[in-house]
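Breakdown of the fold
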Amino acid sequence: MIPNLSIHNRSRWESLLIGYFLVLLVFRIYSSAMLVFAHGQTFHSPDLDYTFWFSHLLGFPDVIIRHYWLCLLVDTGVAGAAVMALFDKKNRAVWMAALMLFFFIQRITLESFSASHTKSIACIFVALFPLCFRKEERFALMMEGARYFLLFILLISAWNKWANGALLSEGNFANMLINQHSDLAVYAPQHISYRIAQWLTETPLFADIAYWLLFLTQASFIIGVFTRRADQWLFIALIAFAITTYLVMRIYNFDLLVLGWVLLYIPKKKVNRLYDNMLN
Amino acid sequence: MHPEKWYLVRLFKNSKVLFLLVLLFIFFQAYFNHKRIHTFPWFVWDMYSRTETVPETITQTAFYINGERLNMPELSIWEEATILHTFQRYYHWKTEGKSDPLQPVVESRTRFLPKKIRVWVAERILNTPDDMKGYPQWLYHYLTRIHHQPIRTLEIKRVPYSYINKQLKAENQPVTIFKMVQKKQ
């Protein structure tokens, strides 16, 4: 039996979310995903992204990347604002606004000059945005919006698998795995991801079943549109999704989990109402 | 459910500014989803959602440091992506007439604007030959930091492979596409 994971205390929930953000930040430092490591890169790659274009029109990424101290300042700003938001509960909303600003500048600059755009970073911003509000009612409304956004992206991903014919195409996931792991096939055939993928590609039926499981995990978030009672199960499904996609496909989905935290917060008032509904 | 309980109605009653913000967010999410354009902070999630085939041949970019092939999966996902993607952009620029691949997009997106603004946008978005020239030195420093050892030679090769019974087999000899020898100090 899994204990109730829901958190009813706003401050505690916020602390846990910021704590998880800091854990990911440590992972980012370890992975060299910080501006100081990319300092001095000479060309940018905004691709088709309008926000990157606007940022380069303003010019701040080009100025920052050229100056080591500015890179360090932005990186420190991200870590510092997150730590302050964790401990200074009284001014948390202000620190969160600062964190979002520093993190935005950092990510736009880093991703443009590394030619690597991480889409799932949007989830972190949507998850952190409600924390910028002190008023309980506005915080709750933004949290609700963030929760709908999470449901939407998972459902649209499931829908795309169905609508594009990937789900019903026999052996399609086996092909995806072969394409995904061409580097591991050459460099590290002993890698756990490659060994799992190889087993799946050799038995395409299991690969198809795995893809269906992936689809069903995403599609199960439809339940969240109608009720909040399954939220903690959806959170567990999301953790399973992030871990298995990392293990099998070497895809980093842990940013998505930041947004997943919205599934665990149920304010006290809402809990009472849930129980009232159950009793009546 | 009574319309008064609808999310957007409650939001409208609480704050007109936030209502407008959320409405704009929804509008652009729908627009970018339809256009399949990835724009931050909207999220268009359509990867691994299409039918795929295994190509007969593929070409890998291999980095040789001091004569030894760099084991890419040993690096973090971010480091691997940074090295590969930036080099691919650089190599594309070098071999495709030294022009920025975004040029037609800039021209298309700014076609209704006055010439002065079009030129200004192009200057800000597109990379110049001077921007590209500094890249090899940056790559050398980046790899030195990752490799934790001084790099005497950096060689980048294209290695063609073909799939035989779903296994990768090297086709021909790798072709060197980039070479850098550090001068002794």
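Rules behind the numbers
Residues numbered from 1 in each chain as written. Chains lettered and ligands numbered in written order. Predicted model: local features only at pLDDT ≥ 70, side-chain atom pairs only at ≥ 80, totals over all residues. Heavy atoms only, no water. Helix = DSSP H or I, 4+ residues; strand = E, 2+ residues; numbered from the N terminus. Rg over C-alpha atoms; globule rule 2.2 N^0.38 Å. Patch = residues over 30% accessible without salt bridge, like charges linked within 9 Å, V, L, I, M, F, W, Y side chains within 5 Å. Areas by Shrake-Rupley, 256 points an atom, 1.4 Å probe, with all protein chains shown as cover. Salt bridge = Lys/Arg side-chain N within 4 Å of Asp/Glu carboxyl O. Disulfide = S-S within 2.5 Å. Buried < 20%, exposed > 50% of the residue type's maximum accessible area, 1.4 Å probe, protein only. Contact = heavy atoms within 4.5 Å. Buried area = accessible area lost by both parts, 1.4 Å probe. Polar contact = N/O pair within 3.5 Å; in protein donor to acceptor, adjacent residues only side chain to side chain. Nonpolar A, V, L, I, M, F, W, Y, C, P; charged D, E, K, R; others polar. Axes fitted to C-alpha atoms, helices over the stretch in contact; angles between N-to-C directions. Parallel < 35°, antiparallel > 145°, perpendicular 65-115°, else oblique. pLDDT = per-residue confidence, 0-100.

Along the backbone of chain B there are seven helices and five strands. Its helices and strands in sequence order give chain B the pattern α-α-β-β-α-α-α-α-α-β-β-β, from N to C terminus. In terms of C-alpha radius of gyration, chain B reaches 24 Å, well past the compact-globule figure of 16 Å for 185 residues. Its C-alpha atoms put chain B at 70 × 50 × 35 Å along the principal axes.

Before going further, it helps to examine a nonpolar patch on the surface. All names here are of chain A. Taken together, the side chains of Trp159, Trp162, Leu168, Trp199, Leu205, Phe206, Ile209, Trp212, Leu213 and Leu216 define a hydrophobic patch exposed on the protein surface, amounting to about 1100 Å² of accessible area. Going through the elements one at a time, helix H8 (136–163) and helix H12 (204–219) are the ones with two or more residues in the nonpolar patch. If you trace the backbone, Trp199 turns up in helix H11 (residues 192–202).

All names here are of chain A. A complete count under the given rule lists zero disulfides over all chains for this structure. Left without a disulfide partner, Cys123 is nearest to the cysteine sulfur of Cys132, which lies 16 Å away. What makes Cys123 buried here is its relative accessible area of 0%.

Moving on, we get to the interface of chain B and chain A. On the side of chain A, 87 residues touch chain B, which itself brings 74 residues to the contact. Summed over both partners, the interface of chain B with chain A comes to about 6800 Å²; 61% of that surface belongs to carbon and sulfur atoms. By the criterion of area lost to chain A, the three top residues of chain B are Phe40, Trp45 and Trp78 of chain B, representing 14% of everything that side buries. Of the charged contacts in the structure, one is a salt bridge between Glu80 of chain B and Arg250 of chain A, with a shortest N-O distance of 3.5 Å. Put simply, chain B and chain A have 38 residue pairs in polar contact (both at pLDDT 80 or more) between them. Counting residues per element, the side of chain B that touches chain A draws most heavily on helix H3 (residues 77–95) of chain B, which supplies ten residues. Residue composition of the side of chain B that touches chain A, grouped by class: 42 nonpolar, 19 polar and 13 charged.

Another aspect to go through is the pattern of salt bridges. Residue and element names in this part refer to chain A. A complete count under the given rule lists 14 salt bridges over all chains for this structure. Where Glu14 meets Arg92, a salt bridge forms, and the shortest distance between an N and an O atom there is 2.9 Å. One end of the pair, Glu14, is in helix H1 (residues 10–30); the other, Arg92, is in helix H6 (residues 92–114), and 78 residues separate them in sequence. A residue is classified by how much of its surface remains accessible, and Glu14, at 6% relative accessible area, is buried.

What follows deals with the environment of Leu264 of chain A. Residues and elements named next belong to chain A. Looking at where Leu264 falls in the secondary structure, it is placed in the loop between helix H15 (254–260) and helix H16 (268–279). Residue classification places Leu264 among the buried residues on the basis of a relative accessible area of 5%. Between the C-alpha atom of Leu264 and that of Leu5, which follows or precedes it by 259 residues, the distance is 6.6 Å. Setting aside its immediate chain neighbours within four residues, Leu264 contacts Leu5, Ser6, Ile7, Trp13, Gln232 and Phe235.

It is worth spelling out the packing of H6 of chain A against helix H7 (residues 121–128) of chain A at this point. All names here are of chain A. Where H6 contacts H7, the two axes come as close as 11 Å, and the packing angle between them is 170°. Looking at the two axes, H6 sits roughly antiparallel to H7. Here H6 contributes Met96, Leu99, Met100, Phe103, Phe104, Arg107 and Glu111 to the contact with H7, which in turn contributes Ile121, Ile124, Phe125 and Leu128. Residue classes in the contact of H6 with H7 are distributed as nine nonpolar, no polar and two charged.

This next bit is on the confidence of the model for chain B. Mean pLDDT over chain B stands at 90; residues scoring 70 or higher make up 98%. In the predicted assembly, ipTM is 0.92 and pTM is 0.92.

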